[in-house]
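Chain residues, written in single-letter form:
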Amino acid sequence: MKSTLRLARFLCWATFLLICGSALIFASAYLYLSPALPTVESLKDVRLQTPLRIYTSDAKLIAEFGEKRRTPLHFEQIPPEMIEAVLSAEDDRFYEHHGVDIKGLLRAVSQLIQSGQIQSGGSTITMQVAKNFFLSNRKVFSRKFNEILLALNIEKELTKEQILELYLNKIYLGNRAYGIEAAAQVYYGESIDQLTLAQIAMIAGLPKAPSRYNPIINPQRAVVRRNWILGRMLALGYIDQATHDIAHNEPVTARYHGLQNDVDAPYFAEMVRADLLDRFGSAIYTDGYRVITTIDSSLQQAATDATQQGLLDYDRRHGYRGPERQLLLDNDGALEQAAEALKSTQVVGPLIPAVVLSTEQQQAEIMLRDGAAIMSWDGMAWARRHIDVNTLGEKPLLASDILKPGDLIRVERQPDGSYWLAQLPSVQGALVSFRPDDGALLSLVGGFNFHSSKFNRATQAHRQTGSNFKPFIYSAALENGFTAASIINDAPVVFEDQGLEDTWRPQNDSGRFYGPTRLRTALYKSRNLVSIRLLRHIGIVKALEYVQRFGFNPDLLPRDLSLALGSATMPPYDLAAGYIAIANGGYRVIPHFIQRIELLDETLFEMQPHRVCRLNCADELTAETSELSALTDLDTLELELELERELESAQAGEQATIAPAAIDAERIMDERVNYIMTTMLRDVIQSGTGRRARVLGRKDIGGKTGTTNEQKDAWFSGFNPDVHTTVWVGFDEPITLGAREYGGTAALPIWINYMAKALHDTPEQPLAQPEGIITMRIDPENGTPATSGSPSAIFEVFRKEFAPAAIQNPTLPSLEQEDSPPPLPPELF
């Protein structure tokens, strides 16, 4: 009995000394380590490393820039099953302890005593938050003490929900995915709230070892881990037996999902990234910036499709250049060799790699990545051999005239499921489209394929504009007293410069001269000699001063008569921006592509556009603000909370946030001059070089073709009141597109295909005639008032004070007798 009593006393004292010793050790560690501990206050306003995201105006993701894929969630957005699965796997006593789980620590100490090594840390979720935000991953005793101390502090400062929110947004889950939402996107291509219980359990198993339990790399281990978690959820009462069994038997569906952008606009995305980098520096990649742009997602897709198709059509017109390479296929391993070659060959835009397996008469058997297919004669009959840009070989009669077994080729899938032979086009193009009333960029394409060439031809390619520049010269002429009926002689002219060894003999693209020509006819038929005489009469200095109104830098424009033929070089973006004022009735607006920049809940920048208000600006703005408010809640994961916050603000009597007031745009063209110029540009489509666009069946569209010397550049710029679009086609190294390629053949088809979608279901807008415009019957031969009963008389519009009954046409000087001819410019059409 006495021995038992002595043993009990000993155990009591030993326990007491152990407790005191532990307390002493803990207190010593606290006193030693606590001064160096970081404050947990920062966790209340933590900024997780989040990539830059760029959106369209209608809330579609364009691009994401940043090392880590992360989409932070609020606690309310996390599915309960996700929380239950994580607690089952990592910390089932999370809601019972205060940051430190004594049982877990004792288990870790026991393992240390038995093995002599730290095997498991006994870490709670709170301790993992402390480690992930403040500490390193080194397995040393001091770090564990720091974890414990920080966890206790965190539990004092934050709620359990806040701790879980930090943990689930911070943890690394493999494949560059940080946080559960990013993991759901990477492994399943869905948002976390769209996953099944089995998929949720799979993600919940990743924090312990993201590589070891990765369902893509190690699916068997991942399933074992997933099923263990499901068993824990069943044991803890989170799920019933039936739910457990269904999830337990679900097959592994995880596969890698790269970043899936909603909109294909890589050239534009790079423009925005560069702009943000200039504004805010490298923090844009980590701080969670969001950019809402002016791009319309449907129009952007239409622009990409139209540009790629137009360049492919041009390429087919100039013949087949042969396969990308020739594979030596063995009879026994042909399919394996072809599959390996296809695996290493990228898809470029709509062009799919394929290997020719055999040819027979007028068809070919081809192998694609997903199996074999037959390409019919319809898909390859176009493929005459390319000799040069103006010469093709004989028409093929058999498939073997075009293709050989082992050819690595490109094919384009057609809407009916068939495949057409194609090739990577060597020609390039660009498309830029604006909303005329406020200068918002609607779509932009900088080339055939960004991943093949990142050079943005829409903003970086300085190309001669050709006749596409003529409307600005003709507008200057109208502003200075000319009329659409003014007669100018389209006749040969020679400029000599004794300082040069050559002379300049400008010509029309046809090589012919047409004599006295009305200004309207000269524009829609693009007569070069008329344009030169017109500019000479206006004066180069006066013309340069005038074109500045449209945003062109006069220092970058030639100061000679070649300006009339478009010798100025500029990117398509700048030329398209210049056309905006013509398209919107004569107002200066600021071309822009960023609508708003956000950082967390703060708006750093919001565009205040200059806007054409034809009726009541306040009424128009109110209507658009209501519409925009539905488009600017870009993060779909936060949409419900955002609406709730707005509702709470409204109930509290707060005024809703509205877009900044638009600024009335400044008029830079006489309203009547703009009206006359618009009618002339509409005639380009109805009667002139843009006649192909009549296929759109609209009367409210106008535009101008442009082709430079030797057909090195092809342009079309055209508009209606809702949309203005400029298209350029050419080679990166300026060489001829071919003798039969002009703005109306190479660029205009792209414009037509795009505008057909841009203007679909939009009503035609008749051109309102301003005050001070009169309509008269004139003689088309001389531009004077027609005599009564004249059978050839036509109607023309004039500014009232410049009607032919009031004044005569301006007298032009004789260019041949001018004392100081201009320097020799390039010859342009």
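Residues numbered from 1 in each chain as written. Predicted model: local features only at pLDDT ≥ 70, side-chain atom pairs only at ≥ 80, totals over all residues. Heavy atoms only, no water.

A. Expanded view of the overall build of the chain. When its secondary structure is counted, the chain shows 23 helices and 30 strands. Taking all 829 residues of the chain together, the buried fraction comes to 50%. Here the contacts in the chain between residues at least 6 apart in sequence split such that 71% fall between residues at least 24 apart. A total accessible area of about 39,100 Å² is found for the chain, and carbon and sulfur atoms account for 52% of it. (Helix = DSSP H or I, 4+ residues; strand = E, 2+ residues; numbered from the N terminus. Buried < 20%, exposed > 50% of the residue type's maximum accessible area, 1.4 Å probe, protein only. Contact = heavy atoms within 4.5 Å. Areas by Shrake-Rupley, 256 points an atom, 1.4 Å probe, with all protein chains shown as cover.)

B. How the structure looks around the side chain of His 592. Turning to its location among the elements, His 592 is positioned in the loop between strand S20 (587–588) and strand S21 (594–599). On the accessibility criterion, His 592 (9% relative accessible area) is buried. Residues contacting His 592, with those up to four places away along its chain left out, are Thr 294, Asp 438, Gly 439, Ala 440, Leu 441, Tyr 573, Met 607 and Pro 609.

C. Structural context of the sheet that holds strand S12 (residues 428–435). Spatially, the five strands line up as an open sheet ordered S13-S12-S28-S27-S26, and their pairing is antiparallel. The open sheet has two edge strands with one neighbour each: strand S13 (440–445) and strand S26 (702–707). Taking each pair of neighbouring strands and ignoring which way they run, the sheet shows an average axis angle of 10 degrees. Of the strand pairs in this sheet, S26 and strand S27 (residues 713–719) are connected by six bridges, and their pairing is antiparallel. Following the sheet pairing, Thr 707 is matched in S27 by Ala 714. Where helix H19 (residues 572–583) meets the sheet, it contacts S12, S13, S26, S27 and strand S28 (724–730), and its direction lies at approximately 35 degrees from that of S12. Sitting on the sheet, helix H23 (residues 743–758) is in contact with S12, S13, S26, S27 and S28, with an inclination near 35 degrees to S27. (Pairing = 2+ DSSP bridges. Axes fitted to C-alpha atoms, helices over the stretch in contact; angles between N-to-C directions.)

D. Structural view of a positive patch on the surface. On the surface, Lys 525, Arg 691, Arg 694 and Lys 699 cluster together into a positively charged patch. Inspection of the secondary structure assignment puts Lys 699 in the loop between helix H22 (671–687) and S26. The exposure class of Lys 699 is exposed, given its relative accessible area of 58%. (Patch = residues over 30% accessible without salt bridge, like charges linked within 9 Å, V, L, I, M, F, W, Y side chains within 5 Å. Salt bridge = Lys/Arg side-chain N within 4 Å of Asp/Glu carboxyl O. Lys, Arg positive; Asp, Glu negative; His and termini not counted. Charge placed at Lys NZ, Arg CZ, Asp CG, Glu CD.)

E. Region of the structure containing the packing of aromatic side chains. Under the criterion given, the structure shown has 15 aromatic pairs. A centroid spacing of 4.9 Å and a plane angle of 85 degrees characterise the contact between Phe 472 and Phe 552, whose relative ring orientation is edge-to-face. With a gap of 80 residues between them, Phe 472 in helix H15 (residues 470–479) and Phe 552 in the loop between helix H18 (540–547) and strand S19 (569–570) connect regions that are remote in the sequence. With a relative accessible area of 0%, Phe 472 lands in the buried category. (Phe/Tyr/Trp six-rings, centres within 6.5 Å; stacked < 30°, edge-to-face > 60°.)

F. Seen up close, the sheet that holds strand S1 (residues 52–55). Spatially, five strands are ordered S2-S1-S3-S21-S22 in an open sheet, and the strand pairing comes out mixed. Across the chains shown, the open sheet's two edge strands, defined by having one partner strand only, are strand S2 (61–65) and strand S22 (602–606). With strand direction ignored, the average angle separating the axes of adjacent strands in the sheet is 15 degrees. Bridge analysis of S1 against strand S3 (residues 289–293) gives three bridges, and the strand direction is parallel. In the sheet register, Ile 54 faces S3, and the bridge partner there is Val 291.

G. Layout of the packing of helix H9 (residues 219–235) against helix H10 (residues 241–248). Two elements in contact, H9 and H10, have axes separated by 10 Å at closest approach and are oriented at 175 degrees. As the angle between them shows, H9 and H10 are arranged roughly antiparallel. Where H9 abuts H10, its residues Arg 226, Asn 227, Leu 230, Gly 231 and Leu 234 lie against Gln 241, His 244, Ala 247 and His 248. A class-by-class count of the residues in the contact of H9 with H10 yields three nonpolar, five polar and one charged. (Parallel < 35°, antiparallel > 145°, perpendicular 65-115°, else oblique. Nonpolar A, V, L, I, M, F, W, Y, C, P; charged D, E, K, R; others polar.)

H. Expanded view of the environment of Ala 354. Relative to the elements of secondary structure, Ala 354 occurs in strand S5 (residues 351–360). The sequence separation of Ala 354 and Ile 366 amounts to twelve residues, and the corresponding C-alpha distance is 6.2 Å. With residues near it in sequence (within four places) discarded, Ala 354 still touches Leu 342, Ile 366, Met 367, Leu 368, Asp 407, Leu 408, Ile 409 and Val 411.

I. Representation of the nonpolar core in the model. Ranked by internal contacts, the top residues of the largest apolar core, which has 92 residues, are Phe 268 and Phe 469. Top element by residues in this core is H19. It accounts for nine residues. (Core = buried A, V, L, I, M, F, W, Y, C linked by side-chain atoms within 4.5 Å.)

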